[in-house]
Protein chains: 2
Amino acid sequence: MVKRTSFEGDSCPIARSLDALGDWWSLLIIREALFGLRRFGEFQNKLGMAKNILAVRLRALVDHGILATAPASDGSAYQEYVLTAKGRGTFPILVALRQWSEEFDDRPEEIATILVDREKGRPVRKLEMRAEDGRLLSPADTTLKPRPARRRSA
Amino acid sequence: MVKRTSFEGDSCPIARSLDALGDWWSLLIIREALFGLRRFGEFQNKLGMAKNILAVRLRALVDHGILATAPASDGSAYQEYVLTAKGRGTFPILVALRQWSEEFDDRPEEIATILVDREKGRPVRKLEMRAEDGRLLSPADTTLKPRPARRRSA
DNA sequence: CCAATTGGTTTTATGATGCAACCACACAAA
DNA sequence: TTTGTGTGGTTGCATCATAAAACCAATTGG
């Protein structure tokens, strides 16, 4: 088989995430969903993508438990696509992508929006990684350990 | 043209990040590079990917300023691929992807490694988003604002 | 100097993507 | 009830990207 390799069985959590989110459109669909879009046509209009691949992506996101189909909302007989908790949980990923672009993009002047604290209207700080005891960690302060086996793993 | 749409000119910073990182292999190559891999063969062995597409991806990452080619390191005449500051700056993205998988994956028992604080060996906390004044922010506490125009923008 | 390793490129097959056309259904007006 | 319109897709192609394997040049190692 020459299929595009799937990382579904990989043991690396990054690869497993990419299996669900790693194509060109999924994260942008999620971004729009976080912004409040729900309907097929809304996504299609906003993202300007082909309708067939939007349909495929939406189905895949539903299959992955990131979106769920809701029967209605404004009374019409059409259905909507709403984020699940798993879908809303991608928020830090989107923030990390955004901040990387803000910090390293070659043409930052083309970036249209900034993420701000709603209360004060001031930019948010960079994402912080902390130890259990609250110490701020840099990448070099971290390392990988094998996952401790759960007792009586089914 | 029917090319895979590029987000290079998009004004959304997330789309711009995806333009550089959004394919199936780039983030995994970066992950291995953060882990210390440098040589073509090391990447190829570890990731098990086809050599032709590895070559294409490495070139693209170099073009994007994420990797740089260094002439040597162990004295051999071959070249190495090392992360730039821009490349190392992807660390939070990888952490966010990892944590999303740890929190929401359907089969978390298949995840092999956990990210720990090197000093204490304890798992790191979830990435935190804070306001300028240090208040911890949830997604609902944030909003997007148009980027303030730089004076005398060239 | 010979053989194996490294670091790729080329070739070929197939899957994914994108555009356009088509179509079923819901809904509204006549 | 028929007609029309918009929504939410599906179906055909044409093209592009990806993958596996074969091939190849330069670099080592002996």
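Predicted, not measured: the structure shown is a model, and the values here were computed from it. (Residues numbered from 1 in each chain as written. Chains lettered and ligands numbered in written order. Predicted model: local features only at pLDDT ≥ 70, side-chain atom pairs only at ≥ 80, totals over all residues. Heavy atoms only, no water.)

Student: Just checking my understanding: could you explain the overall build of chain A for this structure?
Tutor: Across its full length, chain A carries 6 helices and 4 strands. Reading chain A from its N end, one meets helices and strands in the order α-α-α-α-β-β-α-α-β-β. Expected size for 154 residues packed as a compact globule is a radius of gyration near 15 Å; at 19 Å, chain A overshoots this value by more than 25%. When its C-alpha atoms are laid out on the principal axes, chain A stretches across 50 × 50 × 35 Å. Taken over 154 residues, chain A has a buried fraction of 44%. A sequence separation of at least 24 residues applies to 37% of the contacts in chain A between residues at least 6 apart. As displayed, chain A offers around 8400 Å² of accessible surface, 52% of which is attributable to carbon and sulfur atoms. Side chains of chain A carry 26 positive and 21 negative charges; the gap between the two charge centres is 6 Å. (Helix = DSSP H or I, 4+ residues; strand = E, 2+ residues; numbered from the N terminus. Rg over C-alpha atoms; globule rule 2.2 N^0.38 Å. Buried < 20%, exposed > 50% of the residue type's maximum accessible area, 1.4 Å probe, protein only. Contact = heavy atoms within 4.5 Å. Areas by Shrake-Rupley, 256 points an atom, 1.4 Å probe, with all protein chains shown as cover. Lys, Arg positive; Asp, Glu negative; His and termini not counted. Charge placed at Lys NZ, Arg CZ, Asp CG, Glu CD.)

Student: Would you mind showing me how to read the domain arrangement of chain A here?
Tutor: Often, the extent of an interface is quoted as the loss of accessible area upon association of its parts. Residue and element names in this part refer to chain A. Along its sequence, chain A is organised into domain 1 (13-86) and domain 2 (91-130). Each side of the interface is counted separately: domain 1 has 5 residues, and domain 2 has 4 residues. When the two sides are added together, the surface that domain 1 and domain 2 hide from each other amounts to roughly 310 Å², 97% of it contributed by carbon and sulfur. The largest contributions to the domain 1 side of the interface with domain 2 come from Leu 21, Leu 27 and Leu 34, which together make up 84% of the buried area. Applying the counting rule to domain 1 against domain 2 returns 0 salt bridges. Put simply, domain 1 and domain 2 have 0 residue pairs in polar contact (both at pLDDT 80 or more) between them. Per-element accounting of the side of domain 1 that touches domain 2 gives the leading share, 4 residues, to helix 2 (residues 26-34). Partitioned by chemical class, the residues of the side of domain 1 that touches domain 2 number 4 nonpolar, no polar and 1 charged. (Domains from an automatic or database assignment. Buried area = accessible area lost by both parts, 1.4 Å probe. Salt bridge = Lys/Arg side-chain N within 4 Å of Asp/Glu carboxyl O. Polar contact = N/O pair within 3.5 Å; in protein donor to acceptor, adjacent residues only side chain to side chain. Nonpolar A, V, L, I, M, F, W, Y, C, P; charged D, E, K, R; others polar.)

Student: Which parts of the structure should I look at to understand the environment of B:Val124?
Tutor: Along the chain, B:Val124 turns up in the loop between strand 3 (113-117) and strand 4 (142-146). A sequence separation of 25 residues divides B:Val124 from B:Gln99, and the C-alpha atoms of the two residues are 9.7 Å apart. Those residues within four positions of B:Val124 in sequence are excluded, and the remaining contacts are A:Met129, A:Arg130, A:Leu137, A:Thr142, B:Gln99, B:Leu115, B:Val116 and B:Asp117.

Student: How do you make sense of the protein's contact with DNA strand C when you look at a structure like this?
Tutor: DNA strand C sits among 25 residues. The nearest are A:Asn52, A:Ile53, A:Ala77, B:Arg39 and B:Lys51. Within 4 Å of the protein, the contacting atoms of DNA strand C are 68% sugar and phosphate, with bases supplying the remainder. For DNA strand C, a phosphate oxygen lies 2.7 Å from a polar atom in the side chain of A:Arg57. Elements with a minimum of two residues in the surface near DNA strand C: helix 4 (51-63) of chain A together with helix 3 (40-47) and helix 4 (51-63) of chain B. (Near = heavy atom within 4 Å.)

Student: Looking at this model, I keep getting lost on the interface of chain B and chain A. Mind explaining?
Tutor: The interface is formed by 81 residues belonging to chain B together with 81 residues belonging to chain A. Across the chain B to chain A interface the summed buried area is about 8200 Å²; carbon plus sulfur atoms make up 61%. A salt bridge links B:Arg107 to A:Glu8; the nearest nitrogen and oxygen atoms lie 3.7 Å apart. If you list the elements that add at least two residues to the side of chain B that touches chain A, you get helix 1 (13-21), helix 2 (26-34), helix 5 (85-88), helix 6 (91-104), strand 3 and strand 4 of chain B. Residue contributions to the side of chain B that touches chain A peak at 11 residues, all from helix 6 of chain B. Looking at side-chain class alone, the side of chain B that touches chain A contains 41 nonpolar, 12 polar and 28 charged residues. With 5 bridges connecting them, strand 3 (residues 113-117) of chain A and strand 4 of chain B associate as antiparallel partners. Residue A:Leu115 lies in a different strand from strand 4 of chain B, and its bridge partner there is B:Leu144. (Pairing = 2+ DSSP bridges.)

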